[in-house]
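For reference, the chains in residue letters:
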Amino acid sequence: MNRRNFLRTGSLAGITLSAFGLGACATTPTATAAPETATKETTGEATPATTATTDPTDFQLNEVTIQELQRKMQSGELTSKAITQLYLDRIQAVDKSGPKINSVIEVNPDALQFAEEMDQERKSGKIRGPLHGIPVMVKDNVDTHDKMSTSAGALALADNKANKDAFIVSQLRAAGAVIIGKTNLSEWANFRSTNSSSGWSGRGGQTKNAYVLDRTPCGSSSGSGVAVAANLCAVAVGTETNGSIVCPAAVSGVVGFKPTVGLVSRSGIIPISHTQDTAGPIARTVTDAAILMGVLAGVDPNDAATKESTGKAHTDYTKFLDANALQGKRIGVEKSFLEGHVAIDALLRQALDQLKSKGATIVEVEAMKSIRDVSRDSFKILQYEFKDGVNKYLATANAQVKTLKDVIEFNKRNEKTSMPFFKQEILEMSDKLGDLNTKEYKEAVKKQVSGSRTAIDKILKDNKLDAIAGPTYGPSWCIDLVNGDSFTGYGMSTPAAISGYPHVTVPLGQVQGLPVGISFFAGPYSEPKLFGIAYAYEQLSKHRKAPQFLKTTNPS
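Residues numbered from 1 in each chain as written. Predicted model: local features only at pLDDT ≥ 70, side-chain atom pairs only at ≥ 80, totals over all residues. Heavy atoms only, no water.

- The name given to the protein chain in an unreviewed UniProt entry is Amidase, with Rufibacter latericius as the source organism.

Given below as structure tokens:
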């Protein structure tokens, strides 16, 4: 979650953009592994961009799609075991050595065994579906009943071995996906401190942006975005409360889809907010995101919100991928984002021209302005729900801590390793609040949920829109473990986040080698329409470019 969205501007961070600071980053302490084993490094003075000493761009499966992997397995060119081994070798070469992007917090020691089982099933004629034998990463706040821990990146939960798979992990295994490992994240999904650095966790250290290594991966699904961008897996699962899928996807030049809250189960996922949390796919293409979404979606008896998706979920979202899906569509563009930064303005206007060239009508709207008032209590709502959800999760977890208060005390006792750069004031503020029967909470959540949905529905209806679009976020900022994140620039995540509506980001282009994305969001359970729009735009633009792992940006 991009918690500064709430703390700086009452949930709407950076409606306009004055400056990005695209020169080389200043020297700052950087942890690329857990603090107790980390070493400090510097980026040096501003110099033209250079690549790492090895060539991380040379990889047999570079930019390969799920469908291409299936064809390789079907033809016998590769097996699932061979593909899994290639990705494991890739993780070692790029994530743990080479440029050391540090996006993977743990690899699955049983991945090769499961891949071999999928190969045996294939030989016997059994194919479970499009993910059969495909290596997938999941974020380290998602329970996996195996030898890996589920920690939300926190040292206090480093020993937490889940009693059972999260519902979505069960879905993935049933579909034949190979859970190859877990991705690093902003600790506690970026809900620990007002001064945190996205992509840093006590257990995993600092994840780096694969495009420019001294730049942030955004968060909180930092590792999932970077792992997909760097070709460490085929696809990955992220989670979002507000921006945690779409921001890391956008700054990593990949596709991220935050579904309608209730389309994908949250049971077995370390929570922040039951009104906003959801898991979703991160992929290099819209098609791969659609394939993964079809496996993730489903009604879970242990997550009441998923009951609403009965009859609205699909097992195959690829059937909605149509290169002509823009024909006759009316797309609202956020008016306040048309004059923010000259480089992004140019990319956005090019995108709007492309949308119009395929039959879409563009309508200027002010969606962000209409959301501002109803989102003022967002941070307070999340604090109440975080305390409630984390206490319920920890009560049955296999961790040494059983309550949020226990986590706070653990961090105090282990301050040198748990809090070397920033503290835990959000945890402490949340723990001081009452339960979900508190009048303040009940009134705030009612106002926000109903108000945000009413506002978005009205804009869509009054303008006869199929979706609303705008730049997802600005380019990646410098990693800064001293001052924390600098969320300057655009931010399209809040309307969809607080309403629980779906939101997809697709690569829009690059600004001085730093990817930016374009967002489309619409009403509840409009995933089929959004997949169609996103796919049609992707086929027009084809802005996805593999990272070059540059050490820093060229300031000239």
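Next comes the rest of the account.
## Some remarks on the pairing of strand β7 (residues 255-258)
1) Next: Residue alternation in β7 divides its side chains into two sets, Val255 and Phe257 and Gly256 and Lys258, and both sets are buried.
2) Next: Pairing between β7 and strand β8 (residues 278-283): 2 bridges, direction antiparallel. In the sheet register, Gly256 faces β8, and the bridge partner there is Ile282.
3) Next: As defined by bridge partners, β7 adjoins strand β12 (residues 503-511) across 3 bridges and the pair is classed as antiparallel. Across the sheet, Lys258 pairs through a bridge with His503, a residue of β12. (Buried < 20%, exposed > 50% of the residue type's maximum accessible area, 1.4 Å probe, protein only. Helix = DSSP H or I, 4+ residues; strand = E, 2+ residues; numbered from the N terminus. Pairing = 2+ DSSP bridges.)

## Looking at the side chain of Thr275
1) Next: Mapped onto the elements of the fold, Thr275 is located in the loop between β7 and β8.
2) Next: In this structure the side chain of Thr275 is engaged in a polar contact, spanning 3.0 Å, whose partner is the side chain of Ser273.
3) Next: Polar side-chain contacts of Thr275 include one of 3.0 Å to the side chain of Glu385.
4) Next: Apart from residues no more than four positions distant in its own chain, Thr275 is found in contact with Val261, Glu385, Tyr441 and Val445. (Polar contact = N/O pair within 3.5 Å; in protein donor to acceptor, adjacent residues only side chain to side chain. Contact = heavy atoms within 4.5 Å.)

## A look at the state of the cysteines
1) Next: In total, this model carries 2 disulfides according to the counting rule given.
2) Next: Note on cysteine connectivity: Cys218 is disulfide-linked to Cys247, with sulfurs 1.9 Å apart. Between Cys218 and Cys247, the S-S dihedral sits near 100°, and the bridge is therefore right-handed. Note that Cys218 is positioned in the loop between β5 (205-206) and α7 (222-229) and Cys247 in helix α8 (residues 246-251), a separation of 29 residues in sequence.
3) Next: Given a relative accessible area of 0%, Cys218 falls into the buried group. (Disulfide = S-S within 2.5 Å.)

## Some words on the environment of Gly223
1) Next: Mapped onto the elements of the fold, Gly223 is located in helix α7.
2) Next: Look at Gly223 and you get buried, because its relative accessible area is 0%.
3) Next: Each C-alpha atom, one on Gly223 and one on Ser309, is 29 Å from the other, the two residues being 86 residues apart in sequence.
4) Next: Once residues lying within four places of it in the same chain are set aside, the contact partners of Gly223 are Ser103, Thr183, Asn184 and Thr207.

## Considering the environment of Lys387
1) Next: Relative to the helices and strands, Lys387 is located in helix α12 (residues 378-395).
2) Next: C-alpha separation for the pair Lys387 and Leu508, spaced 121 residues apart in sequence, amounts to 37 Å.
3) Next: Those residues in contact with Lys387 that lie beyond four places of it in its chain are Leu404, Ser430, Asp431, Leu433 and Gly434.
4) Next: Reaching out from Lys387, the side chain makes a polar contact with the backbone oxygen of Asp431 at a distance of 3.1 Å.
5) Next: At a separation of 2.5 Å, a polar atom in the side chain of Lys387 contacts the main-chain carbonyl oxygen of Leu433.

## Some points on the packing of α12 against helix α16 (residues 439-462)
1) Next: Relative orientation of the contacting elements α12 and α16 amounts to 125°, with a least axis distance of 10 Å. Of the possible angle classes, the one that applies to α12 and α16 is oblique. Two packed elements cross with a definite hand, and for α12 against α16 that hand is left-handed. Along its contact with α12, which presents Ser378, Lys380, Ile381, Tyr384 and Glu385, the element α16 presents Glu440, Tyr441, Ala444, Val445 and Gln448. (Axes fitted to C-alpha atoms, helices over the stretch in contact; angles between N-to-C directions. Parallel < 35°, antiparallel > 145°, perpendicular 65-115°, else oblique. Left-handed = near helix turned anticlockwise from the far one by under 90°.)

## Thoughts on the pattern of salt bridges
1) Next: Applying the stated rule across the entire model yields 21 salt bridges.
2) Next: The shortest N-O distance in the salt bridge between Glu106 and Arg203 comes to 2.6 Å. Placement of the pair is Glu106 in strand β1 (residues 104-107) and Arg203 in the loop between β4 (200-201) and β5, with a sequence separation of 97 residues. As far as burial versus exposure is concerned, Glu106 and Arg203 are alike and both buried.
3) Next: A single salt-bridge network, built from bridges that share partners, covers Glu106, Asp140 and Arg203. (Salt bridge = Lys/Arg side-chain N within 4 Å of Asp/Glu carboxyl O.)

## Quick word on the packing of helix α5 (residues 167-174) against helix α9 (residues 286-296)
1) Next: The interhelical angle for the contact between α5 and α9, taken along N-to-C directions, is 115°, at an axis separation of 8 Å. Relative to α9, α5 is oriented roughly perpendicular. Contacts from Ile168, Gln171 and Leu172 in α5 reach Leu292, Val295 and Leu296 in α9.
2) Next: Of the residues that constitute the contact of α5 with α9, the class distribution is 5 nonpolar, 1 polar and no charged. (Nonpolar A, V, L, I, M, F, W, Y, C, P; charged D, E, K, R; others polar.)

## Points about α9
1) Next: Counting buried positions over the 11 residues of α9 gives 11, a clear majority of the element.
2) Next: If you check which residues of α9 are buried, you get Val286, Thr287, Asp288, Ala289, Ala290, Ile291, Leu292, Met293, Gly294, Val295 and Leu296.
3) Next: Directly beyond the C-terminal end of α9, a positive phi value near 160° is found at Gly298.

## Considerations on the pairing of strand β9 (residues 330-334)
1) Next: Across the 5 residues that make up β9, a large majority, 4, are buried.
2) Next: When β9 meets strand β10 (residues 361-365), the two strands line up parallel, connected through 5 bridges. From the neighbouring strand, Gly332 faces β10, where its bridge partner is Val363.
3) Next: Read as a crossover between parallel neighbours, the route from β9 over helix α10 (residues 342-357) to β10 is right-handed.
4) Next: By the bridge criterion, 3 bridges tie β9 to strand β11 (residues 467-471) in an arrangement that is parallel. Across the sheet, residue Gly332 finds its bridge partner in β11, namely Ile468. (Right-handed = clockwise from strand over helix to strand, strands pointing away.)

## A short note on the nonpolar core
1) Next: Formed by 122 residues in total, the largest nonpolar core has its most connected members in Leu131, Ile168, Leu172 and Phe520.
2) Next: It is α9 that contributes the most residues to this core, 8 residues altogether.
3) Next: Beyond its immediate sequence surroundings of up to four residues, Ile168 is in contact with Val142, Val237, Val264, Ser265, Ile269, Ala279 and Leu296.
4) Next: Among the nonpolar cores identified, the runner-up in size contains 25 residues, and Ala152, Ala154, Ile272 and Leu427 belong to it. (Core = buried A, V, L, I, M, F, W, Y, C linked by side-chain atoms within 4.5 Å.)

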